[in-house]
Amino acid sequence: MSQTIRRLKISPSILTADFGHLATAIADAADGGADYIHLDVMDGRFVPNISFGPKVVETVRALTTLPLDVHLMIEDPDRYLAEFAEAGANLLTVQVEACLHLHRTVQRIHELGCKAGVALNPATPLEAVREIVPFVDMILVMSVNPGFGSQRFIETSTNKLRRMRKTLDELNPLCDLQVDGGIDLHNIDDVVRAGANVIVAGSAVYNTRATPGENISQLRKAASAGLWQEI
């Protein structure tokens, strides 16, 4: 059976953007060819940091027509799914470690009209999500321990992505594979070749070296994006 070929998608994380000029930061990413806007929601309990809640998602929704890729790094995410869906999320990703009844959570996300993703922390084995794979739209492999931006990529994540892609090809070939944490020009090609097709990038997009659009373009070139096509 031939391997499915997917279009590379870039999801800039606003966690590292200038919140004093958030509208400009989002517009620059959109104009530069971003496919999503990634929003990291952190509660200070599941991860050691606090970011923002539904009101910021609602604000970002009013600033762009791009799909909002909302990653809930929070305890008991089921309590807040409806709020984030109503705020304008298009894709809601929950952590497997935070969900007691994961199938029910994924079903609820779909009922709310959103695509459903499930994320794994770096030390969480792939087997933890195998049973949910047929029911989700995306699996997110964290390549840093979540909570803070601009962390160093955990090198073993590349092999983890490769093994995850094999599982997805077996159980749900249309499922996207996202990677988040420490992705830059030096490692994006490796993770893409390992099977990731949705790339979350924070400081690699929002920095002082170039504009967000220029950085997105460079990431695509570094990822050998010409090898990918939309299905």
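Please refer to the structure higher up on the page.
Residues numbered from 1 in each chain as written. Predicted model: local features only at pLDDT ≥ 70, side-chain atom pairs only at ≥ 80, totals over all residues. Heavy atoms only, no water.

Caption draft 1: Spatial organisation of the sheet that holds strand β2 (residues 37-42). The eight strands lie next to each other as β1-β8-β7-β6-β5-β4-β3-β2, forming an open sheet whose pairing is parallel. The open sheet terminates on both sides in strands that have one partner only, identified here as β1 (9-12) and β2. The sheet shows a mean angle of 25° between the axes of neighbouring strands, taken without regard to direction. Pairing of strand β7 (residues 176-180) with strand β8 (residues 198-201) involves three bridges; the strand directions are parallel. Bridge pairing links Asp 180 to Val 200 in β8. Against the sheet, helix α2 (residues 54-63) makes contact with β2 and β3 (68-73), and its axis sits at roughly 170° relative to β3, the strand it touches most. Along the sheet, helix α4 (residues 102-111) makes contact with β4 (91-95) and β5 (115-120), crossing β5 at roughly 145°. (Pairing = 2+ DSSP bridges. Helix = DSSP H or I, 4+ residues; strand = E, 2+ residues; numbered from the N terminus. Axes fitted to C-alpha atoms, helices over the stretch in contact; angles between N-to-C directions. Contact = heavy atoms within 4.5 Å.)

Caption draft 2: Broad picture of the nonpolar core. Judged by nonpolar contacts, the single largest core of 64 residues is most densely connected at Ile 14, Val 70, Val 118, Ile 139 and Ile 199. When residues no more than four places from it in sequence are discounted, the contact partners of Val 70 are Leu 39, Val 41, Val 57, Phe 84, Ala 89, Leu 91, Leu 92 and Thr 93. (Core = buried A, V, L, I, M, F, W, Y, C linked by side-chain atoms within 4.5 Å. Buried < 20%, exposed > 50% of the residue type's maximum accessible area, 1.4 Å probe, protein only.)

Caption draft 3: Looking closely at helix α7 (residues 212-222). Residues of α7 that are buried: Pro 212, Gly 213, Asn 215, Ile 216, Leu 219 and Arg 220. Projection of α7 onto a plane perpendicular to its axis shows the buried side chains occupying an angular sector of 165°, all on one side. Here the buried face of α7 lies against β1, α1 (22-31), α6 (188-193) and β8. Directly after α7, the chain includes Ser 224, whose backbone phi takes a positive value near 55°. (Arc of directions from axis to C-beta.)

Caption draft 4: The packing of aromatic side chains, seen in detail. Throughout the structure, instances matching the rule amount to one aromatic pair. Geometrically, the ring pair formed by Phe 19 and Phe 52 is tilted, given 6.0 Å between the ring centres and 35° between the ring planes. A residue pair is termed long-range when its members are at least 10 positions apart, and Phe 19 in the loop between β1 and α1 and Phe 52 in the loop between β2 and α2 qualify at 33 residues. Residue classification places Phe 19 among the partly exposed positions, given a relative accessible area of 40%. (Phe/Tyr/Trp six-rings, centres within 6.5 Å; stacked < 30°, edge-to-face > 60°.)

Caption draft 5: Fine view of the environment of Lys 55. Along the polypeptide, Lys 55 turns up in helix α2. In sequence terms Lys 55 and Phe 84 are 29 residues apart; their C-alpha atoms lie 8.7 Å from each other.

Caption draft 6: The state of the cysteines, seen in detail. Throughout the structure, instances matching the rule amount to zero disulfides. Between Cys 114, a cysteine without a disulfide, and Cys 99, which holds the nearest cysteine sulfur, the sulfur-to-sulfur distance is 15 Å. Classification of Cys 114 as buried rests on a relative accessible area of 5%. With no disulfide of its own, Cys 175 lies 15 Å from the sulfur of Cys 99, the closest cysteine sulfur. Under the relative-accessibility criterion, Cys 175 is labelled buried at 1%. (Disulfide = S-S within 2.5 Å.)

Caption draft 7: Structural context of the pairing of β8. Neither face of β8 is exposed, since Val 198 and Val 200 on one face and Ile 199 and Ala 201 on the opposite face are all buried. One ladder, built from four bridges, connects β1 with β8; its direction is parallel. If you follow Pro 12 over to β8, its bridge partner there is Ala 201. In this fold, the crossover linking β7 to β8 by way of α6 has right-handed handedness. (Right-handed = clockwise from strand over helix to strand, strands pointing away.)

Caption draft 8: Up close: the pattern of salt bridges. A complete count under the given rule lists 10 salt bridges for this structure. Of the charged contacts, one joins Asp 176 and Lys 9 as a salt bridge, the two residues approaching to 3.4 Å between their closest N and O atoms. With Asp 176 in strand β7 and Lys 9 in strand β1, this pair connects stretches of sequence that are 167 residues apart. Lys 9 sits in the buried class, given a relative accessible area of 18%. Among the charged side chains, a network of salt bridges with common partners joins Arg 7, Asp 35 and Arg 220. (Salt bridge = Lys/Arg side-chain N within 4 Å of Asp/Glu carboxyl O.)

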